[in-house]
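Chain residues, written in single-letter form:
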Amino acid sequence: MPELPEVETVRRGLEPAMVGARLSAIEQRRPDLRFPFPERFAERLTGRRVEALSRRAKYLVAELDSDDALIMHLGMSGRFRVERDGEAAQLGEFHHEHGRESAHDHVVFRLTNGATVTYNDTRRFGFMDLVPRAGLAGCRHFAGMGLEPLGNALSGETIARLFAGKRTPLKAALLDQRLIAGLGNIYVCEALFRASLDPRAPAGSLADAAGGPTGQAELLAGVIRDVLVEAIDAGGSTLRDHAQTDGSLGYFQHAFRVYDREGEPCPVCAAPVRRIVQSGRSTFYCETCQA
Ligand code: ZN
């Protein structure tokens, strides 16, 4: 499943192909993905100029020169391919979990700059929607969503405010999309390891008696940003260093310190990395460093 850094890498790959260009033709090859496409989907996009391509949590948002914003979510297996004038763009080499048969090419966007952007999704858990550009933050996808972990809003102070009084384990609080949006299992495990925090500790332990941030809350805010930025940089260097002929934008492999390393030595103390299950998800951590 693409995590936030992968979605951001996809955004950066799509931006030069889409922003500033007009959508000259849309091929929508099925009535639905995870959800039905909105009514008159192709018609509402055709002829529109893409003014900006942004990201909120794991959603891509293309703002059009109409009243619409196109929201795209990659689900479990969604990926984009960019081709220009029939030639695949040199956009990078990614780790592929699935084949890329054209039978799974569900939407093709043709742009006036000669680029063709194809959405491929074998499992079809992704979706596309059109929502009003005005009041985007309150649209059905983003209302109630927590703060953006890469934005300026994430700080020790906001973590303390969100977590104060909570007895739920830190791991679960960090995965709660109503508090912080877009953090997945991998980066939560990695951030807790880097901050030397026990994933089972109560979330409220990051706030002091007055509700202010502890030093650990400040540290955690910093390492969350670090793990995400490093993964995005890794995706970006993949784009630059390993230019691939098929223009695929999808998944990349990244070295993790504890995630998926059960029984392997902790990179700090060499004790074996442990795996436990919290809220039905695997947590990887070091019992010694994260005590
Ligand atoms: Zn350790």
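All of the points below concern the structure found in this document. (Residues numbered from 1 in each chain as written. Predicted model: local features only at pLDDT ≥ 70, side-chain atom pairs only at ≥ 80, totals over all residues. Heavy atoms only, no water.)

Metal coordination angles in their ideal form are 109.5 degrees for the four-donor tetrahedron and 90 or 180 degrees for the six-donor octahedron. Within the first shell, the zinc ion binds the protein through Cys-266 (SG), Cys-269 (SG), Cys-286 (SG) and Cys-289 (SG), at distances of 2.2 to 2.4 Å. Geometry at the zinc ion is tetrahedral, judged from its four donor atoms and the angles of 98 to 113° they form at the metal. Motif for the zinc ion, donor spacing along one chain: C-x2-C-x16-C-x2-C. Note on accessibility: Cys-286 and Cys-289 belong to one class, buried. (Donors = N, O, S within 2.8 Å, 3.2 Å for Na, K, Ca; no water. Tetrahedral: all angles 85-135°; square planar, octahedral: opposite > 155°, others 65-115°. Buried < 20%, exposed > 50% of the residue type's maximum accessible area, 1.4 Å probe, protein only.)

Along helix H5 (residues 185–194), nine of the ten residues are buried, which leaves the element largely enclosed by surrounding structure. Looking only at H5, the buried set comprises Asn-185, Ile-186, Tyr-187, Val-188, Cys-189, Glu-190, Ala-191, Leu-192 and Phe-193. Just beyond H5, the residue with positive phi is Ser-196, at close to 55°. (Helix = DSSP H or I, 4+ residues; strand = E, 2+ residues; numbered from the N terminus.)

What follows is about the environment of Gln-28. Tracing the backbone shows Gln-28 in strand S1 (residues 23–28). Along the primary structure Gln-28 and Val-107 are separated by 79 residues, whereas in three dimensions their C-alpha atoms are 4.8 Å apart. If near-sequence neighbours (up to four positions away) are discounted, Gln-28 is found in contact with Phe-37, Phe-41, Ala-42 and His-106. Polar side-chain contacts of Gln-28 include one of 2.9 Å to the backbone oxygen of Arg-30. (Contact = heavy atoms within 4.5 Å. Polar contact = N/O pair within 3.5 Å; in protein donor to acceptor, adjacent residues only side chain to side chain.)

Looking now at the sheet that holds strand S3 (residues 59–64). Strand order across the open sheet formed by four strands is S2-S3-S4-S9, with antiparallel pairing between neighbours. The open sheet is flanked by strand S2 (50–56) and strand S9 (127–132), the only strands paired with a single partner. Averaged over all pairs of adjacent strands, the angle between their axes in this sheet comes to 25°, without regard to strand direction. Sheet analysis places S2 next to S3, joined by six bridges and oriented antiparallel. Within S3, the residue paired with Leu-53 across the bridge is Ala-62. (Pairing = 2+ DSSP bridges. Axes fitted to C-alpha atoms, helices over the stretch in contact; angles between N-to-C directions.)

Turning our eyes to something else, we now look at the packing of aromatic side chains. Applying the stated criterion to the full structure yields eight aromatic pairs. Aromatic pair Phe-37 and Phe-41: ring centres 4.9 Å apart, planes at 45°, arrangement tilted. For the pair formed by Phe-37 and Phe-41, the shared burial category is buried. With centroids separated by 5.7 Å and ring planes inclined at 80°, the aromatic side chains of Phe-256 and Tyr-259 adopt a geometry described as edge-to-face. Through successive ring pairs, a cluster of aromatic residues spans Phe-35, Tyr-59, Phe-127 and Phe-142. (Phe/Tyr/Trp six-rings, centres within 6.5 Å; stacked < 30°, edge-to-face > 60°.)

Counting through the fold element by element, Thr-9 comes out in helix H1 (residues 4–18). Here the alpha-carbon distance between Thr-9 and Asp-233, two residues 224 residues apart in the chain, equals 8.5 Å.

Attention shifts here to unusual backbone geometry. In this model, Ala-57 sits at a positive phi of 50°, which is unusual for a non-glycine residue. Assessed through its relative accessible area of 2%, Ala-57 is described here as buried. The phi dihedral of Asp-260 falls on the positive side, at around 60°, and the residue is not glycine.

Geometry only, nothing functional implied.
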